[in-house]
Every structure is written in structure tokens, then in C-alpha cells.
Amino acid sequence: MNRPHIPAWLRRVLDRSAGHRYYPLVVALIAFASAATFAFPFVIVLIPAVLIAPRRWLVLGLLCGMASGMGAMVLVELFHYLGRELVISRFPELVESVTWQLASEWLESYGLFALMIIAGSPMPQTPALFLYSLVNPSATGVLIAVGIGKMVKYVFLAWVTAHYPARFIDYR
């Protein structure tokens, strides 16, 4: 099975900063960038980050969840500012996905609670964030909902990685 790997330069950043007390902040900054740009799934960074420093699994999970919430808040504000037409013209695959349809239904029915559930699930959150940005979004609500959802997800994943590293060694 072909496992996703992080780029070599990012691996070097993690390796070089692992021994420093600010290592969780470095990883959290990567989580923020990942959420704000939706350039890559952050999980491919979190697993190696925990494998490098397994005793820091809790602080990594908590900080990365908060950072992802902040990144999601920035992304919602950016989507809201740019407008629907510009975003759809640049990223047409967003509206064509099954995730888009499911996220639409959930957000219509449950609002920020749905956003929290989506953030904590394996589903991509970008379509849900885009949909939420089309109405008058609450930046604080996004920060809290996505932050809680991602914190739960990342703390759980970090705990599993720290306690059962053999299952994840291919990610390193």
C-alpha cells in the first residue's frame, strides 16, 4: 500500500525542531498553514510529528486543533471576501463533489454543530467551510467549531500514534 509522505524539506523542519521546546508551535504553525490554504491534509504531518516526539502527543493534538480552527477561520473570511463566483471558477471540483452535497445538507440542518462534526471526521472540511462562508459567517463560531472538532480528532490520532507507533511507522 502506498502511504502518503511529507516532503523532504518539511521532514527536515520537524527533525531539526524536535529537540526544542517550541516544537509543538512549529507543528501548530504547519497545521494553521494547512487549514488556511487547504494545500495538503495535515494528518500527513501530525503522524510523523508525533512519531518524532511521542511524549508530546497531547500538546501537539491540542495546539494543532486550535491552529486548524484559526486557519479555518481565515479561510472562511477569505472565501467570504472573494465571493462565490471567483472561488468556483478557480476550484470547480469543490461544487462537483459528493462531500459538497453532504456538507450542504448538514450545514443547512445543523449549522456550526455540523461544521464541528465535519472537522472532526475524515471528510474534507473545505467544501463545508466554503458553503458556510456564503451566508453571513461567524468567524468566532468557525474558530470554536472547527477548533473543537479538530482538537478531538488530532488528540485521538496523536494518542493512537504515540501508543501504537508500529502501526504508523510507514508514515515516517
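Enquirer: Sorry if this is basic, but what is going on with the packing of helix α1 (residues 8–17) against helix α3 (residues 43–52) here?
Expert: Helices that pack against each other are described as a pair by the angle of their axes relative to one another and the distance between those axes. Where α1 meets α3, the closest approach of the two axes is 10 Å, and the angle between their N-to-C directions is 30 degrees. The handedness of the crossing between α1 and α3 comes out as right-handed. Along its contact with α1, which presents Leu10, Arg11, Leu14 and Asp15, the element α3 presents Val45, Pro48, Ala49 and Ile52. When its residues are assigned to classes, the contact of α1 with α3 shows 6 nonpolar, no polar and 2 charged.

Enquirer: Just checking my understanding: could you explain the packing of aromatic side chains for this structure?
Expert: Under the counting rule described, the total for this entry stands at 4 aromatic pairs. Pairing tryptophan 159 with tyrosine 164 gives two aromatic rings, centres 6.0 Å apart and planes at 75 degrees, and the pair type is edge-to-face. A connected cluster of aromatic rings, assembled from ring pairs, spans Phe38, Phe79 and Phe130.

Enquirer: Teacher, can you tell me more about the packing of helix α8 (residues 112–120) against helix α9 (residues 126–134) here?
Expert: Where α8 meets α9, the axes come as close as 10 Å, and the angle between the chain directions of the two elements is 160 degrees. Classed by the angle they form, the pair α8 and α9 counts as roughly antiparallel. Remark: the crossing between α8 and α9 carries left-handed chirality. Contact residues: Leu112, Leu115 and Ile118 in α8; Ala128, Leu129 and Tyr132 in α9. Split into classes, the residues belonging to the contact of α8 with α9 amount to 6 nonpolar, no polar and no charged.

Enquirer: Would you take a moment to explain the nonpolar core for this structure?
Expert: Grouped burial of nonpolar side chains is what soluble globular proteins tend to show. In this structure, Leu14, Tyr23, Val27, Phe42, Val45 and Leu46 are the most contacted members of the largest nonpolar core, which totals 29 residues. For this core, the secondary-structure elements that each account for two or more residues are α1, α2 (23–37), α3, α4 (57–82) and α10 (139–163). Not counting the four nearest positions on each side in its chain, valine 45 is found in contact with Ile6, Leu10, Leu14, Ile30 and Phe40. Counting 21 residues, the second largest nonpolar core, distinct from the first, contains Leu115, Met123, Leu131 and Tyr132.

Enquirer: Sorry if this is basic, but what is going on with the environment of tryptophan 57 here?
Expert: By the secondary structure assignment, tryptophan 57 is in helix α4. Tryptophan 57 sits in the partly exposed class, given a relative accessible area of 22%. Here the alpha-carbon distance between tryptophan 57 and alanine 166, two residues 109 residues apart in the chain, equals 15 Å. Setting aside its immediate chain neighbours within four residues, tryptophan 57 contacts Val50, Val155, Ala158, Trp159, Ala162 and His163.

Enquirer: Which parts of the structure should I look at to understand the environment of isoleucine 118?
Expert: Turning to its location among the elements, isoleucine 118 is positioned in helix α8. When the C-alpha atoms of isoleucine 118 and alanine 128 are compared, they prove to be 7.7 Å apart, with 10 residues separating the residues in sequence. Residues within four places of isoleucine 118 in sequence aside, it is in contact with Ala103, Trp106, Met123, Pro124, Gln125 and Ala128.

Basis of the calculations
- Residues numbered from 1 in each chain as written.
- Predicted model: local features only at pLDDT ≥ 70, side-chain atom pairs only at ≥ 80, totals over all residues.
- Heavy atoms only, no water.
- Axes fitted to C-alpha atoms, helices over the stretch in contact; angles between N-to-C directions.
- Helix = DSSP H or I, 4+ residues; strand = E, 2+ residues; numbered from the N terminus.
- Left-handed = near helix turned anticlockwise from the far one by under 90°.
- Contact = heavy atoms within 4.5 Å.
- Nonpolar A, V, L, I, M, F, W, Y, C, P; charged D, E, K, R; others polar.
- Phe/Tyr/Trp six-rings, centres within 6.5 Å; stacked < 30°, edge-to-face > 60°.
- Parallel < 35°, antiparallel > 145°, perpendicular 65-115°, else oblique.
- Core = buried A, V, L, I, M, F, W, Y, C linked by side-chain atoms within 4.5 Å.
- Buried < 20%, exposed > 50% of the residue type's maximum accessible area, 1.4 Å probe, protein only.

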